[in-house]
Each structure stands twice: as structure tokens, then as C-alpha cells.
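Examining the three-dimensional arrangement
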Amino acid sequence: MAGRHTGSTALQSAIDAVGDSFLVFDEDDRLVAANAATAAMFPHLADHLVPGTRFEDLLRRDAAVLMRNGCIENPEAWIAERLHLHTQPVSRIEARQPDGRWVRTEDRSTPDGGRVVITRDFTDEKRLIEDSARYTSLLRGTLENISQGLCAFDRDYRLMTWNARFFELLDLPHTFAQVGTPMLDMIRFVAQRGDLGQGEPGQLAAETFAMATETAGTIYERANNLGQTLEVRLRPLSGGGLVATYADVTERRKAETALRESEERYALAAAGANDGLWDWNLGSNRIFFSDRWKEMLGYSTEEVGDGAEEWFSRIHPEDVQRVTAQLDAHLGGTAHSFESEHRVRHYDDTYRWMLVRGLAVRDGDNHAYRIAGSMTDITERKRSEEQAIHDALHDNLTSLANRTLFLERVRQALARQRRSAAARFAVIYLDLDRFKVVNESLGHVHGDDLIIATARRLEQNLKFGDTVARLGGDEFAIMMEDVSDKEEATSLSDMLQKALSTPFVLGGKEVFTTASMGIAHSTENYVRPEDILRDAELAMYRAKELGKARSVAFDAAMRGTSVTPLDVETDLRRALERQEIVLHFQPIVSLSDGRIRGFEALARWRHAERGDIPPSEFIPLAEETGMIVELGQWVLRNACAQMVEWNREFPDVGPLEISVNLSGRQFTQFDLVRMVTNSLDGTGLKPNCLKLEITESALMENAQRSAQMLRHLKELDIKVCVDDFGTGYSSLSYLHTFPIDTLKIDKSFVQDMGRNRHNLEIVRTIAVLAQNLRLDVIAEGVETPEQLAQLRAIGCGYAQGYLFSRPLTPENVRRLLSENRVW
């Protein structure tokens, strides 16, 4: 007995020395021995760890505690599973304990028919595994978020990591997508396929492998089997091996060839291949910034820390709120990804435009705990967009305002005068008298020099706030603010005459020139800017007739028109009564499927005596006389009635929308909403099938009242379109306040896209702006297939123009709809 007791004591001492829980059961499944670690690991079993206790009794005690603490749901099922595993030669199971620890149990049979059950606490090991998995997921998400293909090889040049873009760009079979794949095998594959050019594939592969493994870092380009041009960057790793990135630069190279190495496209492509990376741990609020991220802002590695303020303190104050909202939307789960264009302060205190993209990593509860992404410098693209807009409003030769911008400035001056009668101004139309002689004598180059010198001299002799514009050729227009009457305007024009009398030096020669000037003053109660400019031009021609080199103020007798406003008003009233006004309809086509989605209603006047009178002649005069209101009511009602008829006749095509233009005077009518609802009620057209087109200038005439009027229309489910968008310059800041649905790009930009890249960039900018504001875009004046292709490429939603159809009579519209054409 003493010997047996001594052996038992020795066994107990031995198993107590084991750090893991250690239980020994006999062939009857009763406890023989348990070490001290078991009681420490399972305190709720401590009182039951006595010899003779059945294994099942311990299980039931353990199950009761685990269920109370939410670790298991069905104790009987859990016990049955454990008892089943207990009968196997060897079984292993992992389980969470009430205190949050994780244990791994190994249940093994012994030669004498008993069992040994060993349990180890592997909580720290499990946490390390989970953290490693999360980091791997974050790294994979970051790699898949960049635009380049990337792969890395170890010191033996075997594949370590890669992203899907790498296999896509090189068109490699996915059998290579395994850790340990030799780099040489991949090179041999592309060489055999012919990617490395002419020659013996084995030799080409060997040379390429040697170049890649012996370089200190290199950049080169090559074509792949898909016809794409790839920019390859190789960089050795400090511990051996290398990292390779592949960027598709096909479009960049095409653009350089087509546009003579366009600096803008090259800068965008180069920036896209050199993104800065960032990785934000939201729990600790620390951000890892890559060296390239810091370099893009002019800093060395040591000069930028890892706090969130390193990024947000450098964001332009005007952009901070927007960036924060965009970030919160993604982290909160309402936006699929984070994408923001904003300004970031550089080391030199200038601001650079950056495109920042990111993707959050989320836990099991969909809470973001990490977000990583990239930063791309888009400063040059933004400058190009701003330059394109500037060029659309300024003369290329002199950088003066062009006709579009000048008329907008006059429009604003007219609006100020309507608000305050004291805000008077004058417009001067100036034409150089001897420009043709200079051009023919000294050549076109010096002719341009004279135009530029005249522009600078005019600017120097005007006060702050005045506007000088070049209208074309040798013609200029000047708007002088705060000019009380015609006499003061004439005095100021005499001052300009004196300034121009000083000779210009062109090509080493003194050149004298004079100017004929026509003056129109705002006291004539002008409504449209075109009218005051027209009268100033008429006065300029009178100055020419009187001997040139002089200024003449406008007089109403100069108009000499054969059709007076009274005649037009009378004829228009008779035209409506005699049914001389007819409607033509031009289709509006969806560029997503090439089908007709609506029509624009256009009024035409078939005068009984004068024949067809173009809208450009009778619409402005109708506005002046007030007849535009009655004419507009007629157009709206008849257009709505016609659309109801077509939607009934062609149910498979529709529902079609009808777009009707509202003039500036119509838009100011207090009963506009009632007039529109009467037309809808009287014809039965659904409100969402009506779109009202209003020009930018009409909206900006009284922005506050316009916003209120548009809200009333939107409450009725009537759509609103801004017509001729892009011809103004002051309304962009009001877009977010106006409840509008559609922007219609003016045809002057569309028709010159192929020859003028600035116009193309303006159209692209408007399309992107509309997409960001969730507005539709209609491009008008589309005449060629090339224009259509360009519009589709930049994401423009709709188009109209002669390419699809000229304005049609109702009968011809029916034929067109019957054909069910697709463009």
C-alpha cells in the first residue's frame, strides 16, 4: 500500500508540473487523476475533480456553466457531440470559456482502455491569428484598390504576393497565382507567347530575368498580347527579391501621339501611376502615410507623423466639411466607397488638388475599424478644366472678355439698373479705322500685334469695374459703369480717342490708327443686352459714315427697321387667330440605348405675306412687346395636347416627355404656375411628362424668386431644365440651390468639340458636374457621328440635333415614331 501511495503521489506531482489541464480516466470512464492547472482553468469544476467522477458528470457540469454564460445554446446536443468524440481514438475541439478565454482540448485513448484529456489555453495564439488575418485582408484590399498591377518576389525570386490587376494586365493563367511560383516560369510563358518580341523564347526569357534581377531599379515599357502598352517599374527589396508594378498607359500614349505630347494627359497618366497610399487605424486614430504620399506634398519621411491631423489640418478650409461628410457617409455604410476631390496644402504653402479614394475594412457587425486607400495629384487636370472655362469666355488673342462674357456683364448691369435707377452705364462699340491697311502693309503678325496693343491701351484707360471685350477682328466693346448720361459717355469716349491717337510701334515702325465709336446709354430702357450692343453698333456705323475717327451717340432714328414692335404685335395676334403659328418638334435621344425619349416643341411662324419668319426674328420682338406671354401659353397648351396624343398612339415607345421653352418674361409672370397647371389639366398630360426649359440668364435675373418659383413647379412633379448651360458664368454657385432636373449644354460647345479641345473639356466638365449633382444632361446641336461618339464616351445622357433629325411637323413625327429608330 505504501508503494502504491508513493506511485500515486509521484504521478500527481508529475502531472501538476504540466502547465496545461491534464485529466486521466480509467476504462470505466471515471477520473483517475487531475492536475492543479485543471482547477485553475475550469474553476467551476474544481469541487468535482476527485477520483471516481464520471467523465459525463464533468461534461454536464461544464455544459450548465457554458450555457448560463451564452457560450453554447443546446447543452444536450453539445454533451452528445463531446461524448461521441470521446469514443474516437483521438479527437480535438476548440471552445470559448465564460471568461472569454479560448481553449483547445485533445481527447486521446490509452493502451489500457482509459483516456487522457489535455486542454491548453490558446487565447493569445488565436488573437494573433485573427489580427494577422485582418491585416492580410487590409493589405489585400489596399492592393486591389490601386490602378496598377503589382507583384512581389522573395530572394529566390518566387512569387510572394500580387493583385488581380497584375494577372489581368499580363493575361496570365491563374495556375500561376500561387505563392512560390518561380518568376522565371512566368517570364518563359509570356516569352513563348510572343510578348517579349522576336527571337528565341528561351534566350529572351533569360535576358529579361537577368535584367530584372540585376537592376538597381528601372522603368520601361512593353506591349502585352492584348495590344496594351504597359509601363513596368522594377524595384529591388532590401532583403532580396523585387517588387514590380504594371500600369496600362495605352491611352496616354495614344493621346501623346494624337495631340503632340499633350502635357495635360501625360501629367494625369503619370500621376495615376504614382499614387500615395494611406492606412488609417480608426481605433487608435493613427494613419500610416507612404513615402510617396509625403513626397507628393513636398515633405520627407521624418517630417510627417501618423496623426489624423497630418491630413485634415492640410485640407483647404472650404473643403473640410465636404470631405468629412463624404468620409462619414462611407464609414457609416451609406456610400459604397470613399472618393473625394479636394485641395491639400503643400510644403510651399500652395494648394494641390488631390483625388483621394479609400475602402473601409469592417468587423462582423459591419462597423468600420480601418480604412485604407490612395491619393492622386489631379492639380493639372483641375487647372485645365478652369482654363477651358476661362477660354470659353475670353478672346484667345488678347485675353479680353469675348462676346458671351461681355453680354453677361451687360445683362447684370441691366439687372442692377432695374433694382436701382441710379446704376446707369454706357456701352461703346469700337472699330479700328485703318486696321485693314496695317494688316495688308505689315502682315497678319503685326496686325495681331496692333489688336493686342489696342486691347492693352483700352484697359489702361478704363477705371476699375469697367469691361472691355474683343468681339472679333478689329471690333471691341466697352461697358462703362456709373455713367450718368450720354454726354458723360461721349466725354469718356473722347478720352479713349485721345489715348488711341498716340502712335503704336510695330515691327520697328510707328503706326497711327484711329477708331470709330458708337455709344448707347442705358437710359433707353433696354431689356436685353443684345439690344444695347446692337444700338451701339448702329451708332458706330454712323460714325464711319460721318468720316471715321469720331464718336457718335445712338439715336432711335438710326434703327431704320421696317418692322416695328407694333407691327409685330399686331401680326402676332393675327397669326394666332389665323393659325399661322405652328409647332415643330425635334427629338431628344437617350445615349444609353439610342431611343427617342422626348421632343422639344419649337414655334414657327408662317406669315401670310412675308413667308416663314425665323424664331430669331420674331421671338425677341415678341418679348419686347409682351406678346411672348400669350404666344407661350399657346405653345405650352398645344405641345401638351400633342404629347398626350402621341403617348396614346405609341404606348410601347413612351411615356415621352415634351420640353417647352419659357422666355425670361414668362418666367417673371406671377401666375406662371397657374398657367402651367391649366395647360396640364386642360390636356390631361401627366406633370412628369412636361419639362420646362429656362435660360441661365432668366434664372439669375432674380435668384431668390427663381428658386421659389422652381420649388412650386417641382412640387407639382414638373421637370425643369437649364437651357444653353455654359454660356453664362455666374450661375454655377446657384446650381445646388435651384431644384432643377436637367442641364442642356449649349450647341456652341458641342459643335466645335472635335477641333477645340477646350470645348471638349467644357462639355466633359459639365457632364461630370451634372453627374455629381444627379442631374440629367442634354447636348444640343449634335450634327456628326464623331460628336455623338465623344458625348457617349464622356457619359452625356441625352442629345438632340440634326444628326438625329431636324425639327419635324407632327405628321413626320408620327412616321419617325412608327419606325422605332435606334441610333
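Here the structure is a predicted model, which is why all the values come from computation and not from measurement. (Residues numbered from 1 in each chain as written. Predicted model: local features only at pLDDT ≥ 70, side-chain atom pairs only at ≥ 80, totals over all residues. Heavy atoms only, no water.)

1. Some details on the overall build of the chain
Put simply, the test is: Each helix is a run of DSSP H or I of at least 4 residues and each strand a run of E of at least 2, with the numbering of both proceeding from the N terminus. Think of it in three bands: residues with accessible area under 20% of the maximum for their type are buried, residues over 50% are exposed, and the middle band is partly exposed, with areas taken using a 1.4 Å probe on protein chains only. Residue contacts follow a heavy-atom distance rule, with two residues in contact if any of their heavy atoms lie within 4.5 Å. Calculation of accessible area relied on Shrake-Rupley with a 1.4 Å probe; when residues are assessed, cover is drawn exclusively from the protein chains displayed.
What the chain contains, in helices and strands, is 30 helices and 31 strands. Of all 823 residues assigned to the chain, the portion counted as buried reaches 46%. Considering only residue pairs separated by 6 or more positions, the chain has 55% of its internal contacts joining residues 24 or more positions apart. Carbon and sulfur atoms make up 50% of the accessible area of the chain, which amounts to about 41,000 Å² in all.

2. Remarks on the nonpolar core
Convention followed: Put simply, a nonpolar core is a bunch of buried Ala, Val, Leu, Ile, Met, Phe, Trp, Tyr and Cys residues held in one set by side-chain atoms that sit within 4.5 Å of each other.
By size, the foremost hydrophobic cluster in this structure holds 86 residues, and its most contacted members are F599, I658, L690 and L791. The greatest single-element share of this core, amounting to 11 residues, is contributed by helix α22 (residues 627–649). Leaving out residues up to four positions away in the same chain, L791 has contacts with L591, V750, M753, V763, A779, V782, C796 and A799.

3. Digging into the pairing of strand β12 (residues 286–289)
The condition that has to hold: The pairing criterion is simple: DSSP has to find at least two bridges between the two strands.
Side chains I287 and F289 of β12 all project onto a buried face; the interleaved residues R286 and F288 project onto a face where none is buried. Of the strand pairs in this sheet, strand β11 (residues 276–281) and β12 are connected by 4 bridges, and their pairing is antiparallel. In the sheet register, W280 faces β12, and the bridge partner there is I287. Counted between consecutive antiparallel strands, the loop separating β11 from β12 contains 4 residues, among which N285 sits at a positive phi close to 60 degrees.

4. Some remarks on the pairing of strand β18 (residues 475–481)
For β18, the buried fraction is high: 7 of the 7 residues fall into the buried class. Burial of the side chains of β18 extends over both faces: E475, A477, M479 and E481 are buried on one face and F476, I478 and M480 on the other. In this sheet, β18 lies alongside strand β16 (residues 425–432) in antiparallel orientation, the contact comprising 7 bridges. Counterpart to F425 in the pairing with β18 is E481. Of the pairings in the sheet, the one linking strand β17 (residues 467–472) to β18 comprises 5 bridges and is antiparallel in character. By the bridge assignment for β18, V468 is matched with I478. In textbook terms, the turn of a hairpin is the stretch between consecutive antiparallel strands, and for β17 and β18 this stretch comprises 2 residues, one of which, G473, has a positive phi near 55 degrees.

5. Considerations on the sheet that holds strand β6 (residues 149–153)
Condition: Lines fitted to C-alpha atoms define the axes here, with helix axes fitted over just the stretch in contact, and angles between the N-to-C directions of these axes take values from 0 to 180 degrees.
Pairing within the open sheet is antiparallel, and its 5 strands lie in the order β7-β6-β10-β9-β8. Because the sheet does not close on itself, it has two edges, and the strands there are β7 (159–162) and β8 (218–223). Within the sheet, the average angular offset between the axes of one strand and its neighbour, ignoring direction, is 20 degrees. Relative to β7, β6 runs antiparallel, the two being bridged by 3 bridges. Counted as the bridge partner of F153 is L159 from β7.

6. Description of the environment of G52
Residue placement: G52 occurs in the loop between α2 (36–41) and α3 (55–68). A relative accessible area of 31% means that G52 is categorised as partly exposed. Ignoring any residue separated from it by four or fewer positions in sequence, one finds G52 in contact with R30 and L31.

7. Considerations on the side chain of D391
The condition is simple: Polar contacts, as used here, are pairs of N or O atoms within 3.5 Å; protein pairs need one atom able to donate a hydrogen and one able to accept it. Residues neighboring in sequence count only if both atoms are side-chain atoms.
Note on placement: D391 falls in helix α14 (residues 379–393). On the basis of relative accessible area, D391 is assigned to the buried category, the value being 17%. Among the polar contacts made by the side chain of D391, one reaches the side chain of Q387 at a distance of 2.7 Å.

8. A look at the state of the cysteines
Here is the rule we go by: Disulfides are defined in this document as cysteine sulfur pairs within 2.5 Å.
The final tally for this structure, using the stated rule, is 0 disulfides. Here C796 stays free of any disulfide, with the sulfur of C721 as its closest cysteine sulfur at 11 Å.

9. Concerning the confidence of the model for the chain
How we decide: Scored from 0 to 100, pLDDT records how confident the predictor is in each individual residue.
On average, residues of the chain score 87 in pLDDT, and 94% of them reach the 70 mark or higher. The spread of mean pLDDT over the elements of the chain runs between helix α10 (residues 263–272), the lowest at 42, and strand β31 (residues 798–800), the highest at 96. In the model, residues 265–273 has pLDDT below 50 throughout and makes 19 contacts with residues more than four positions away in sequence or in other chains.

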